[in-house]
Amino acid sequence: MKDHFRHSKRITSTKRWQAVRHAVLERDGWACVQCGALRRLEVDHIKPVRARPDLSFNPANCQTLCRVCHTKKTRLEIGHKPLSQDRQAWRDAVSELTGRDDRGIMQKEINDA
């Protein structure tokens, strides 16, 4: 059973949304506004479509987020608790061992940039 209905699906599948999406990505410099990541970018509705459908195509209600930041925001919006300290510590340890941050970017890539 699906526990989350994507209210924005009817919005994000339109040509009008594609134009708004591109404008928001351009405005935000093609980078996540939370962490600065440049990969796997998504355009997020700041005030969710389910709460404010009238703002669906308003660029002022949109922001560029990477997949990780968008997932974190969405999980909190639908009622999931933030990660426990133990779980976050585990993720941090794995990132340190693999040389990747939680966005999947190799630390060497950051240092070489």
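Above this text sits the structure in question.
Here the structure is a predicted model, which is why all the values come from computation and not from measurement. (Residues numbered from 1 in each chain as written. Predicted model: local features only at pLDDT ≥ 70, side-chain atom pairs only at ≥ 80, totals over all residues. Heavy atoms only, no water.)

Focus on the overall build of the protein chain
Worth spelling out the cut-off: Under the scheme used here, helices are H or I runs from DSSP no shorter than 4 residues and strands are E runs no shorter than 2 residues, and both carry numbers assigned from the N terminus. For every residue, the accessible area (1.4 Å probe, protein chains only) is compared with the maximum for its type, and the residue is labelled buried under 20%, exposed over 50%, or partly exposed between those bounds. Residues count as neighbours in contact if any of their non-hydrogen atoms are within 4.5 Å of one another.
Looking only at helices and strands, one finds five helices and two strands in the protein chain. Shown N-terminal to C-terminal, the secondary structure of the protein chain runs as helices and strands in the order α-α-β-β-α-α-α. The burial tally for the protein chain puts 28% of its 113 residues in the buried class. Nonlocal contacts in the protein chain, meaning residues at least 24 apart in sequence, comprise 58% of its contacts between residues at least 6 apart.

Digging into helix α2 (residues 15-27)
Note the following rule: A helix is expected to span 1.5 Å for every residue after the first.
Taking 1.5 Å per residue as the helical rise, α2 with its 13 residues ought to reach 18 Å, and the 19 Å between its terminal C-alpha atoms agrees with that figure. Structurally, α2 contributes buried residues whose contacts are with α1 (9-12), β1 (41-45) and β2 (62-66). Just beyond α2, the residue with positive phi is Gly29, at close to 70°.

Overview of helix α4 (residues 85-98)
Each turn of an α-helix holds 3.6 residues, which means side chains three or four residues apart point in the same direction. Between its first and last C-alpha atoms α4 spans 20 Å; for 14 residues at 1.5 Å apiece the expected length is 20 Å, and the two agree. Looking one or two places after α4, you find Gly99, whose phi comes out positive at around 80°.

Considering unusual backbone geometry
With a phi close to 55°, Trp30 is a non-glycine residue in the positive phi region. A relative accessible area of 37% places Trp30 in the partly exposed class. For Arg40, which is not glycine, the phi torsion reads 50° and is therefore positive. Its location among the elements puts Arg40 in the loop between α2 and β1.

Let's talk about the pattern of salt bridges
Selection criterion: The working definition used for a salt bridge is a side-chain nitrogen of Lys or Arg within 4 Å of a carboxyl oxygen of Asp or Glu.
Counted by the stated rule, this structure contains five salt bridges. For Asp28, the salt bridge identified is with Arg27, shortest N-O distance 3.0 Å. Here Asp28 falls in the buried class, since its relative accessible area comes to 18%. Here Glu77 ties to Lys73 by a salt bridge, and the two come within 2.3 Å at their closest N and O atoms. Of this pair, Glu77 and Lys73 both sit in helix α3 (residues 67-77), four residues apart, which is roughly one turn of that helix. Of the residues examined, Glu77 reaches a relative accessible area of 30% and is grouped as partly exposed. Because the salt bridges share partners, they merge into one network encompassing Asp44, Arg50, Lys73 and Glu77.

As for the pairing of β2
Rules: If DSSP finds at least two bridges between two strands, the strands pair.
The buried count for β2 comes to five of five residues, which makes it a mostly enclosed element. The side-chain alternation of β2 yields two buried faces, one formed by Cys62, Thr64 and Cys66 and the other by Gln63 and Leu65. The pairing of β1 with β2 spans five bridges and is antiparallel. Of the residues in β2, the one forming a bridge with Val43 is Thr64.

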